Amino acid sequence: METSDGSHGKMYGVKMRASLGGAHLSGAERIVSARRVVSTLAALARRALGHERGVPDSINLKVEAQCDILRIKALPVITETVADEAAGWARVGEILSDAGIKRTNEICELFRETYPMRGAMLLDADTLERLEPDRKRGIRATNMDSDPSSPADRKNHFAEALTLASKVLSAPGIVGEVCMSDDPSYVTGYVATKDCYHRISVMKKVGEPVGGRIFLYRGPREAVAETIRYLERQAVVVEREHATRLPRADQLAADLAAVDAAGLRREMRVGFGGLVSFADNDYLGLACDSRVKEAAARAVAEYGAGAGASRLVTGTLEPHVRLERHIAEFKKAESAVVFSTGYMANLGAITALVGRGDVVLSDKLNHASIIDGCRLSGAEVAVYPHLDMDALDQMLSEFHSARRILVVSDGVFSMDGDMLDLPRFLEICRRHDALSMVDEAHALGVVGRTGHGLSEHFGCGFPDVMMGTLSKALGSSGGYVAGSATLVDYMRQKSRPFIFNTAPTPASVAAADAALSLMEEDTSIVGRLHANIASFSDSVADVPNVRRGGSAIFPVAVGDEREAVARSKDMECHGFLVPAIRYPTVAHGAARLRVSLSARHKESEISALASMLRAWYNTSQN
Ligand SMILES: *Cc1c(COP(=O)(O)O)cnc(C)c1O
């Protein structure tokens with residue numbers, strides 16, 4: 001075939017190896033057409049130079065014509081999420097055993113011996129005899145690429161591992177492979193068999209710089225040499241499935257149909273429709289309080305419907321300044337800054353505080369706005385198990401090299417209603433010199449005798465970054481970040497959702513300010529909410545699927561998505577609005593009803609709801 005560059009469709013293997021201080025630092029390879037050789041060399045060099053462990057002393061680039069290229073299909077992939085490395089290795093054993101390999105415990109033991117090797121151990125799958133000619137070097141599977149290939153200037157652990165495993169398992173006699181990266185921050189490994197690539201989420205502890213690889217061989221001794229030749233010399237292109245593109249009109253509709261099929265369609269209702277709402281977050285009933293509404297109306301009359309510009313231009317009006325001072329005072333902080341929504345406050349705080357080279361630790365069940373903030377920040381994100389302070393402590397001790405560490409948690413978890421152990425959290429963060437951040441969206445106006453939040457509840461100190469919303473107990477809309485004067489100054493200079501957003505409307509900040517005043521002046525408002533929480537909590541003490549965490553949120557465990565929707569409909573027929581919460585708000589199969597209480601609720605409404613939940617639980621048990 002004659003091509004425009006006259007290369008007759010010739011293909012080239014392009015390899016990069018970089019070293020630092022005599023040790024291997026980075027390596028990668030591609031199989032490309034002549035036309036792409038130069039750009040691939042540049043991309044691979046960039047990758048070597050940008051390596052996070054340091055700048056290389058030497059970069060070895062090699063270009064070699066490849067003929068006789070074999071095209072094979074990529075292995076199908078299953079991702080298995082496991083709790084820890086012990087569970088990960090238990091799965092490795094099970095998967096190998098399912099593939100007809102017997103001495104799995106011994107194989108897992110032998111894996112440690114591969115740690116110092118550059119290549120893989122080649123093991124007879126039955127006798128466990130070592131077949132590699134050079135035990136120090138091991139077998140190096142190379143000369144491969146995938147199609148479509150991933151970008152050459154960045155490492156993609158998964159794509160490269162899948163390419164390698166697909167080649168290895170296509171080699172004659174190879175029946176299995178176990179692999180773990182030596183990258184200390186990459187704990188995901190895999191076990192591959194002839195028909196599947198099993199991605200195992202955790203195979204070692206974060207921070208461990210050990211990794212290795214075993215190839216399992218089954219076949220005659222005379223054929224081992226050919227297997228090694230194939231692994232080390234045969235050029236292979238692994239074809240990954242190309243997605244098929246639907247006609248334009250169907251591209252989105254297909255995904256929507258899948259949402260319907262999974263029972264996950266969500267409908268928007270208009271208003272409460274005369275139902276008693278146990279669905280909203282207007283915990284103190286202030287959204288419709290006449291004094292709050294009047295404050296909003298006055299602000300509209302005086303300052304207009306919109307603020308007209310961003311805060312740093314001309315959007316800062318008297319009501320903004322007043323509210324920020326008020327929040328700072330209320331939170332016993334030096335200063336506070338208001339955002340247009342709570343969502344933006346989280347995004348704005350996290351992305352301003354951490355970036356590339358930093359680490360953010362986040363509770364598994366944190367609110368979506370925290371998760372999005374973490375992702376957008378570019379920092380390394382480490383998720384710790386829900387409310388597991390021991391795990392948090394342990395993980396923090398593994399990140400001493402980070403420039404800055406932020407630990408962020410919901411104060412009250414929005415879908416579970418349980419509460420952070422703030423004193424313990426603060427102690428751990430302080431000990432590790434990590435910034436602490438707590439989101440009090442569901443705590444402000446709810447937790448603590450006078451609704452001041454977790455610090456009041458526990459009688460303890462304050463997190464470095466106190467985030468909360470104006471949209472829940474304060475019945476308006478917006479969010480805030482409170483803390484030291486430096487922190488708030490920093491937010492105003494660095495936080496993009498603060499800088500590049502039109503200031504919150506005069507009405508919403510004035511309403512929040514008025515609601516905050518009401519809450520402080522009349523402590524019976526928070527008192528009524530507390531009485532309702534205590535009353536409901538007592539009434540459902542004998543209903544085991546209702547969780548009581550001391551907040552205004554009570555999840556009622558259901559499990560199945562459709563069942564939860566049916567239950568919610570049933571409640572509606574009885575005049576109560578109790579929403580079904582499903583994936584993606586909570587995990588698949590963890591669907592629930594979510595009851596949220598308000599100071600507005602009457603005793604009769606609360607006891608009627610409790611009776612219904614009890615009756616339903618009792619029938620579901622029979
Ligand atoms: C509601 C909520 C937010 C977002 O607040 P909005 O003002 O609705 O944007 C943030 N964090 C938590 C925990 C929430 O529940």
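It should be emphasised that the depicted structure is a prediction, and the values quoted were computed from it without experimental measurement.

A short note on the pattern of salt bridges
Link 1 in the chain: For the coordinates displayed, the defined rule picks out 38 salt bridges.
Link 2 in the chain: The partner of E324 in a salt bridge is R492, with the nearest N and O atoms 2.8 Å apart. One end of the pair, E324, is in helix α9 (residues 318-330); the other, R492, is in helix α15 (residues 485-494), and 168 residues separate them in sequence.
Link 3 in the chain: The buried category is assigned to E324, whose relative accessible area is 6%.

Digging into the domain arrangement of the chain
Link 1 in the chain: Taken domain by domain, the chain consists of domain 1 (11-67), domain 2 (71-261), domain 3 (290-521) and domain 4 (524-621).
Link 2 in the chain: Distance between the C-alpha centres of domain 3 and domain 4: 27 Å.
Link 3 in the chain: Facing 17 residues of domain 3, the contacting portion of domain 4 comprises 17 residues.
Link 4 in the chain: Together, the buried faces of domain 3 and domain 4 total about 1,200 Å²; carbon and sulfur atoms form 58% of this surface.
Link 5 in the chain: When the area that domain 3 buries against domain 4 is broken down by residue, the three leading residues are M415, D416 and V446, summing to 46%.
Link 6 in the chain: The interface formed by domain 3 and domain 4 holds three salt bridges in total.
Link 7 in the chain: R547 is paired through a salt bridge with D416; the nearest N and O atoms lie 3.6 Å apart.
Link 8 in the chain: Counting every contact that joins domain 3 to domain 4 gives six residue pairs in polar contact (both at pLDDT 80 or more).

Quick notes on helix α13 (residues 422-431)
Link 1 in the chain: For α13, the complete set of buried residues consists of L422, F425, L426, I428 and C429. The arc that holds every buried residue of α13, seen down its axis, measures 165 degrees, which confines them to one face.
Link 2 in the chain: Each element contacted by the buried residues of α13 is listed here: β16 (380-384), α12 (389-396), β17 (405-410), β18 (435-439) and α14 (454-458).

Structural notes on the nonpolar core
Within soluble globular proteins, side chains that are nonpolar generally end up buried alongside one another.
Link 1 in the chain: Ranked by internal contacts, the top residues of the largest apolar core, which has 84 residues, are L361, V407, F425, F536 and V595.
Link 2 in the chain: When residues in this core are grouped by element, the largest group, eight residues, is from helix α17 (residues 506-521).
Link 3 in the chain: Counting contributing residues, this core receives three or more from each of domain 3 (290-521) and domain 4 (524-621).
Link 4 in the chain: If sequence neighbours within four positions are ignored, V595 has contacts with F278, F536, A552, I553, F554, V556, V578, L609 and L613.

Some details on empty space enclosed by the protein
Unfilled space is identified by rolling a water-sized probe across the atoms.
Link 1 in the chain: Using the criterion set out here, one finds two cavities of 30 Å³ or more in the structure.
Link 2 in the chain: Contributing to the lining of the largest cavity are R311, V338, F339, S340, P497, F498, N501, T502, A503 and P504.
Link 3 in the chain: When residues of the lining of the largest cavity are traced back to their parent elements, those giving at least two are β14 (335-339) and α16 (496-499).
Link 4 in the chain: When grouped by side-chain class, the residues that make up the lining of the largest cavity number six nonpolar, three polar and one charged.
Link 5 in the chain: Space inside the second largest cavity adds up to approximately 30 Å³.
Link 6 in the chain: Residue lining of the second largest cavity: I327, F330, K331, L444, L474, Y480 and L516, and that is the complete set.
Link 7 in the chain: Partitioning the lining of the second largest cavity into residue classes produces six nonpolar, no polar and one charged.

Side note on the layout of surface pockets
Link 1 in the chain: Estimates place the volume of the second largest pocket at around 1,600 Å³.
Link 2 in the chain: Along the walls of the second largest pocket sit 49 residues, with R266, A580, I581, R582 and T585 positioned nearest its centre.
Link 3 in the chain: Residue assignment for the lining of the second largest pocket shows that the elements contributing at least two residues are β15 (359-363), α11 (368-377), β16, α19 (561-573), β23 (580-581) and β24 (591-596).
Link 4 in the chain: Here the lining of the second largest pocket is composed, by residue class, of 23 nonpolar, eleven polar and 15 charged.
Link 5 in the chain: Here the lining of the second largest pocket spans two domains, and each of domain 3 (290-521) and domain 4 (524-621) adds at least three residues to it.

Rules behind the numbers
Residues numbered from 1 in each chain as written. Predicted model: local features only at pLDDT ≥ 70, side-chain atom pairs only at ≥ 80, totals over all residues. Heavy atoms only, no water. Salt bridge = Lys/Arg side-chain N within 4 Å of Asp/Glu carboxyl O. Helix = DSSP H or I, 4+ residues; strand = E, 2+ residues; numbered from the N terminus. Buried < 20%, exposed > 50% of the residue type's maximum accessible area, 1.4 Å probe, protein only. Domains from an automatic or database assignment. Contact = heavy atoms within 4.5 Å. Buried area = accessible area lost by both parts, 1.4 Å probe. Polar contact = N/O pair within 3.5 Å; in protein donor to acceptor, adjacent residues only side chain to side chain. Arc of directions from axis to C-beta. Core = buried A, V, L, I, M, F, W, Y, C linked by side-chain atoms within 4.5 Å. 1 Å grid on protein atoms, 1.4 Å probe; cavity = no way out; pocket = protein on both sides within 12 Å on 5 of 7 lines; lining within 4 Å. Points joined across faces, edges and corners; volume = space filled by probe spheres on them. Nonpolar A, V, L, I, M, F, W, Y, C, P; charged D, E, K, R; others polar.

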